[in-house]
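So the chains spell out like this:
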Amino acid sequence: MSSRYTFGGDEHIFVEVDEAMSLDAFFVSLSMTNAIREAQIDGVTEICPANASFQVKFDPDRIHPDDLMARLKELEETAETAEPVLDTRIVEIPVYYQDPWTHETLMRFRERHQDPEATDIEYAARINGYDSVAAFIEAHSGAPWFVSMVGFVSGLPFLYQMVDRERQIQVPKYLRPRTDTPKLTVGYGGCFSCVYSVRGAGGYQMFGITPMPIFDPEQTVSYLEDFMVFFKPGDIVKWKPIDRQEYDAAVAQVQAGTYAPRIAKVRFSLNDYNADIDGTNARLLEALHAD
Amino acid sequence: MPINVLSAGIATTIQDLGRPGYYHLGIPMGGAMDRLALRAANLLVGNDEGAAGLESVFVGPELEFTEDALVAVCGAELPPRIDGETCPTWTALKVKAGQVLSFDFLQSGSRAYIAISGGIDTPPMLGSRSTYAIGALGGIDGRAVQPGDTLPVGPSSHNAAMPGRSVPEALRRGPGNPAELRVLPGLYWHRITEQAQDNFFADEWKVANEADRMGYRFQGGRKLEFVERRQPFGAGADPSNITDACYPYGSVQVPSGTEPIILHRDAVSGGGYFMIGTVISADMDLIGQMQPHTATRFIKVDMKTALEARQQRTRLIEQIRQSLA
């Protein structure tokens, strides 16, 4: 991997770690953005990690673009030698797959879909070689996911599954984007899952919905009291399939202010992961259910 | 000292200079699309340059004042009327309690900035009063202004602001015809052929109807041809797709190589379309004043020119300050 540095006008430096998505590229992006934040460079105003790239916004009245570019390249050398270890958290996110709300929405936009005869999840299961939707849900909710980017709009996480490339699920986006997506839809496009933080337009395939708000500008949701956005890059997520009854119960708990997401602190080592993916994932899930 | 909104105009929102610092979470800086116009309007009425005012698109609101105030309208040529009497733009105007501020038809530009002495005093969210409707942040309940709203106004600073002062015409900046936007090539510029690179700057484009706070779409130029490659894992099948990445403010993305979109103050923070460059910071304000169908040329510049243009714009703001000091 050799990062490519380029200017986004006179206020941004954009760094592409790799053209292709991989956990290794994401890790470089995350460790680089952490190193830049720690370096506290005067004139740097925003640091945005993405899946396999990142962006730094700066004030050219305070630091010359060429000088900042040179600083970032220096930091890359430091970041390369750092041990790829991340202290983070694993979060369980309940998902009601094939729920009535995303179903109603996908039926409304069938003419924009590759396969108007099937639902989004039936289509995704088929083109990824799964015999049944149930087997597909098992794969989607089995191994955990890294939040590799937060963005597009308000607090929306992109997630990349922690499995080797052969097992990655891939689906195209809708042929033409929908003008509507229910809030908290669990979606899929390319090799990324996402959770739509707000209602709105979208092009990702729709698999289900979570009862757990992840963006709350009013900050009335109990676990969003401190900050209105739930996810940050580097979070690890495990989807938990739930049924209608569990979904309704969770919604009621959220409204009553008693819903507490299951969260555990974990240390993730990229080297351990690359040496033994399933073993590393199993230990992460053990930590999630330790109490 | 509340102001009663009798009618709202089009897409009238409360805006200040925005909320930088949350782009990594998908919350854009927002704020006035034409920042220089908002600064000028605030200076005219004796406010801090970053005080919150109203941004109206094409059609202004009708506002009933319950106390005396100074107002100023800068940016688009959208002449204000006080109790029906037409008044100049870019000028500090006295409005008395009980009077109604309304607007004539738009003569040029797109967005008018209405500053009121004391500034609009809605509760700030994440450090700004700017309305970001997608995230329901700022403004009044996170939305555009509606008839029946009352706008709270802060205490006026009672400094040297005098009715009748105006910003000299030479210091008012708007897009020309055709509009010229300076672009620094970069980002995924290498993804299109040399011929396409030349065509992009040679062609005349027009602003499309989809032109709002998130971004401006352009039509009319030749389709951009891509350098062939095998699409990388995670990027998606279309040659204009990339592994989802951050989008700089002002970046020019071209989905499927057909219609360029320039992201503006309420930008989506990232996505899966390649970008061929970025509009320089000095020219971002101009975009906010471009109407649909405005003929547009993109001018290729280097970093040196971009930084000089930025300094020129900083000097312009300084000249406006001095002219009103």
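Just so it is clear, the structure is predicted and the values come from calculations on it, not from any experiment.

### As for the overall build of chain B
Step number 1: A tally of regular secondary structure across chain B gives four helices and 20 strands.
Step number 2: Its C-alpha atoms give chain B principal-axis dimensions of about 65 × 40 × 30 Å.
Step number 3: Put simply, of all contacts in chain B between residues at least 6 apart along the chain, 74% involve residues at least 24 apart.
Step number 4: With the model as given, the accessible surface of chain B reaches about 12,100 Å², and the carbon-plus-sulfur share is 49%.
Step number 5: Each charge class in chain B can be summarised by its mean position, and for the 29 positive and 35 negative side chains these summaries are 5 Å apart.

### Quick notes on the sheet that holds strand 2 (residues 13–15) of chain B
All names here are of chain B.
Step number 1: Taking strand neighbours across the sheet as the criterion, the five strands line up as 2-3-10-5-8 in an open arrangement whose pairing is antiparallel. What marks the edges here is a single partner per strand, and that holds for strand 2 and strand 8 (93–95). On average, each strand axis in the sheet is inclined to that of its neighbour by 35°, with strand direction left out of account.
Step number 2: Where strand 5 (residues 69–77) and strand 10 (residues 108–116) come together, six bridges link them in antiparallel fashion.

### Brief notes about the interface of chain B and chain A
Step number 1: On the side of chain A, 51 residues touch chain B, which itself brings 45 residues to the contact.
Step number 2: Between chain B and chain A, the buried area comes to about 3,900 Å², and carbon and sulfur atoms account for 63% of it.
Step number 3: When the buried surface of chain B facing chain A is broken down by residue, B:Leu25, B:Phe233 and B:Asp244 rank first, second and third, together holding 19% of it.
Step number 4: The salt bridge involving A:Asp10 is made with B:Arg310; its shortest N-O contact spans 3.8 Å.
Step number 5: Our enumeration of links across chain B and chain A arrives at 18 residue pairs in polar contact (both at pLDDT 80 or more).
Step number 6: At the level of secondary structure, the elements contributing two or more residues to the side of chain B that touches chain A comprise strand 15 (241–246), strand 18 (270–273), strand 19 (275–279) and helix 4 (303–324) of chain B.
Step number 7: Across the side of chain B that touches chain A, the residue classes tally to 28 nonpolar, 14 polar and three charged.

### What to know about the domain arrangement of chain A
Residue and element names in this part refer to chain A.
Step number 1: Each assigned domain of chain A is listed here: domain 1 (4–82) and domain 2 (88–288).
Step number 2: For domain 1 and domain 2, the distance between their C-alpha centroids amounts to 28 Å.
Step number 3: Facing eleven residues of domain 1, the contacting portion of domain 2 comprises 16 residues.
Step number 4: Buried area between domain 1 and domain 2, both sides added, is near 1,100 Å², and the carbon and sulfur share of it is 73%.
Step number 5: Of all residues in domain 1, Met21, Leu23 and Asn51 bury the most surface against domain 2, accounting for 48% of the area lost on that side.
Step number 6: For the interface between domain 1 and domain 2, the tally reads zero salt bridges.
Step number 7: Here domain 1 is connected to domain 2 by three residue pairs in polar contact (both at pLDDT 80 or more).
Step number 8: At five residues, the largest contribution of residues to the side of domain 1 that touches domain 2 is made by helix 1 (residues 23–39).
Step number 9: Within the side of domain 1 that touches domain 2, the residues separate by chemical class into eight nonpolar, two polar and one charged.

Definitions and cut-offs
Residues numbered from 1 in each chain as written. Chains lettered and ligands numbered in written order. Predicted model: local features only at pLDDT ≥ 70, side-chain atom pairs only at ≥ 80, totals over all residues. Heavy atoms only, no water. Helix = DSSP H or I, 4+ residues; strand = E, 2+ residues; numbered from the N terminus. Contact = heavy atoms within 4.5 Å. Areas by Shrake-Rupley, 256 points an atom, 1.4 Å probe, with all protein chains shown as cover. Lys, Arg positive; Asp, Glu negative; His and termini not counted. Charge placed at Lys NZ, Arg CZ, Asp CG, Glu CD. Pairing = 2+ DSSP bridges. Axes fitted to C-alpha atoms, helices over the stretch in contact; angles between N-to-C directions. Buried area = accessible area lost by both parts, 1.4 Å probe. Salt bridge = Lys/Arg side-chain N within 4 Å of Asp/Glu carboxyl O. Polar contact = N/O pair within 3.5 Å; in protein donor to acceptor, adjacent residues only side chain to side chain. Nonpolar A, V, L, I, M, F, W, Y, C, P; charged D, E, K, R; others polar. Domains from an automatic or database assignment.

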